[in-house]
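# Survey of secondary and tertiary structure
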Amino acid sequence: QSGTLKFASYSTVNGSDKIKINAGTLEYEGENQITISDISITSSGTIKSIADLLHYPKAAIIINNAQYVDDGGIFPTVTTYGTITMPVGELNRLLVASGTLTLQDDSDSTLDVDNLDLKGLLSLPNLTNNPIFGSVSINAADGDGSGDGDNSGDGSGSGNTNGNLSIQNEITVTGNWSNEVGEAGFTHNNKIVNFTGSGATITGDNNFATANFTGSDTTITGNNSFEKFICQIDFDATESKIIKFAN
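The paragraphs below set out a description of the structure included in this document.

Rules used in this analysis
- Numbers given to residues run from 1 along each chain, matching the order in which its sequence is written.
- Per-residue local features are limited, in this predicted model, to residues with pLDDT of at least 70; the limit for side-chain atom pairs, both in listing and counting, is 80 or more; totals at the level of whole chains, interfaces and linings are taken over all residues.
- The basis for every side-chain value is the complete set of heavy atoms in the structure, and neither hydrogens nor water enter the calculation.
- Put simply, DSSP H or I for four residues or longer makes a helix, DSSP E for two residues or longer makes a strand, and each gets a number counted from the N terminus.
- Partly exposed describes any residue whose relative accessible area lies between the buried limit of under 20% and the exposed limit of over 50%, with all areas from a 1.4 Å probe on protein chains only and scaled to the type maximum.
- By definition, residues are in contact when any of their heavy atoms lie within 4.5 Å.
- Only the protein chains shown count as covering a residue, and every accessible area follows the Shrake-Rupley method with a 1.4 Å probe.
- Here a polar contact means two N or O atoms within 3.5 Å. Within protein one must be a hydrogen donor candidate and the other an acceptor candidate, and residues neighboring in sequence count only if both atoms are side-chain atoms.
- Any two rings among Phe, Tyr and Trp, with Trp reduced to its six-membered ring, count as a pair given centres within 6.5 Å; such a pair is stacked if its planes are under 30 degrees apart, edge-to-face if over 60, and tilted if neither.
- A strand pair is defined by DSSP finding two or more bridges across the two strands.
- Buried Ala, Val, Leu, Ile, Met, Phe, Trp, Tyr and Cys residues that are joined via side-chain atoms within 4.5 Å together make up what is termed a nonpolar core.
- One side-chain nitrogen of Lys or Arg within 4 Å of one carboxyl oxygen of Asp or Glu is enough to make a salt bridge.

### Focus: the overall build of the chain
When its secondary structure is counted, the chain shows 0 helices and 24 strands. By residue count, 49% of the 247 residues in the chain fall in the buried class. Within the chain, counting contacts between residues at least 6 apart in sequence, those at least 24 apart form 37% of the total. Counting every atom, the chain has about 11,000 Å² of accessible surface; 42% of that belongs to carbon and sulfur.

### Things to note about unusual backbone geometry
Glycine aside, negative phi is the norm for most residues, and most peptide bonds take the trans geometry. In this model, Asn 189 sits at a positive phi of 50°, which is unusual for a non-glycine residue. Relative to the elements of secondary structure, Asn 189 occurs in the loop between strand S18 (186–187) and strand S19 (192–195). With a phi close to 60°, Asn 190 is a non-glycine residue in the positive phi region. In this structure, Asn 190 sits in the loop between S18 and S19. The class of Asn 190 is exposed, set by a relative accessible area of 59%.

### Brief notes about the side chain of Asn 212
In this structure, Asn 212 sits in strand S21 (residues 207–213). Given the relative accessible area of 10%, Asn 212 is considered buried. Separated by 2.9 Å, the side chains of Asn 212 and Asn 194 make a polar contact. Beyond its immediate stretch of four places on either side in the chain, Asn 212 contacts Ile 192, Val 193, Asn 194, Phe 195, Ile 230 and Gln 232.

### A few points about the packing of aromatic side chains
Scanning the entire structure with this criterion turns up 9 aromatic pairs. Ring plane angle 15° and centroid distance 5.2 Å describe the contact between Phe 195 and Phe 213, whose orientation is recorded as stacked. Placement of the pair is Phe 195 in strand S19 and Phe 213 in strand S21, with a sequence separation of 18 residues. Aromatic rings pair up to connect Trp 177, Phe 186, Phe 195, Phe 208, Phe 213, Phe 226 and Phe 229 into one cluster.

### Here's the deal with the pairing of S19
The pairing of strand S16 (residues 171–173) with S19 spans 3 bridges and is classified as parallel. Residue pairing for S19: Thr 172 is matched across the bridge by Asn 194. The sheet contact formed by S19 and S21 spans 4 bridges and is parallel. Note that in S21 the partner of Asn 194 across the bridge is Asn 212.

### Side note on the environment of Val 193
Tracing the backbone through its elements, the reader meets Val 193 in strand S19. As for Val 193 and Ala 211, which are separated by 18 residues in sequence, their C-alpha atoms are 5.0 Å apart. In this structure Val 193 touches Ile 167, Ile 171, Val 173, Trp 177, Phe 186, Phe 208, Thr 210, Ala 211 and Asn 212, once residues within four positions along its chain are discounted.

### Quick look at the nonpolar core
The nonpolar side chains of a soluble globular protein tend to be buried, and buried together. Core analysis: the biggest nonpolar cluster contains 43 residues, and Met 86, Leu 165 and Trp 177 have the highest contact counts within it. When residues in this core are grouped by element, the largest group, 4 residues, is from strand S4 (residues 33–42).

### A short note on the pattern of salt bridges
Under the defined criterion, the tally for this structure stands at 1 salt bridge. One salt bridge connects Asp 117 with Arg 93, and the closest N-O pair in it is separated by 2.7 Å. Linking Asp 117 in strand S12 (residues 112–118) with Arg 93 in strand S10 (residues 90–96), this pair joins segments that are 24 residues apart in sequence. Its relative accessible area of 13% is what places Asp 117 among the buried residues.

### Details of the pairing of strand S14 (residues 132–138)
The element S14 is largely enclosed, with a buried count of 5 among its 7 residues. Of the pairings in the sheet, the one linking S12 to S14 comprises 6 bridges and is parallel in character. Note on S14: the bridge partner recorded for Asp 112 is Ile 132. Strand direction decides the pairing type here: S14 and S16, joined by 2 bridges, are parallel. Residue pairing in the sheet places Phe 133 in a bridge with Val 173 of S16.

Written out as structure tokens, the structure is:
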């Protein structure tokens, strides 16, 4: 429960709800596609793919029927240098270091991510429930292609990629939004981004279809464009409730 469950090149693993990752890591670095069914990820567990996509482009994890269980700890962390397909759920950190993360829709669940960190592609399908993000960070590729420093350069063969968030739903961001890639880092597909946090910052060069602000004391920097800008603030004389544009 506190170590690493590592798979190499197996094609199917059926946990029958007996594989439980608590404070440990489910890790895959094989050459082909692996399907893992009926597992439980709890507390500070981690799902990680460190497949070398340069040499093994078919390497991928497909997770079916995963349960993300809040047992009083933080929600799981998902890290990929390769390709992971998994159900939506509540996650502490979603890190796409390079490669692609694909989400399976679940009408009973909502994608709720405390920290979204992108150096690869996260293409959100048309989910039943609108996703919620605590913070969004869209990052440029590492200069040496060595991946995220938190993982000691695992996945160095996957190549340099810039982060990209592509949405098919209205989304909500309760904290900060940072985009160092520029307009190429965010594909809005004419969907709304709701900013609900107080004291939040929006940085970078962003192209929003509709940005809806309901929080207070938001600071916006960079070259941002908005097809529609909505400010829904209930002004209170005892509080400062403004949106500030700063260069």
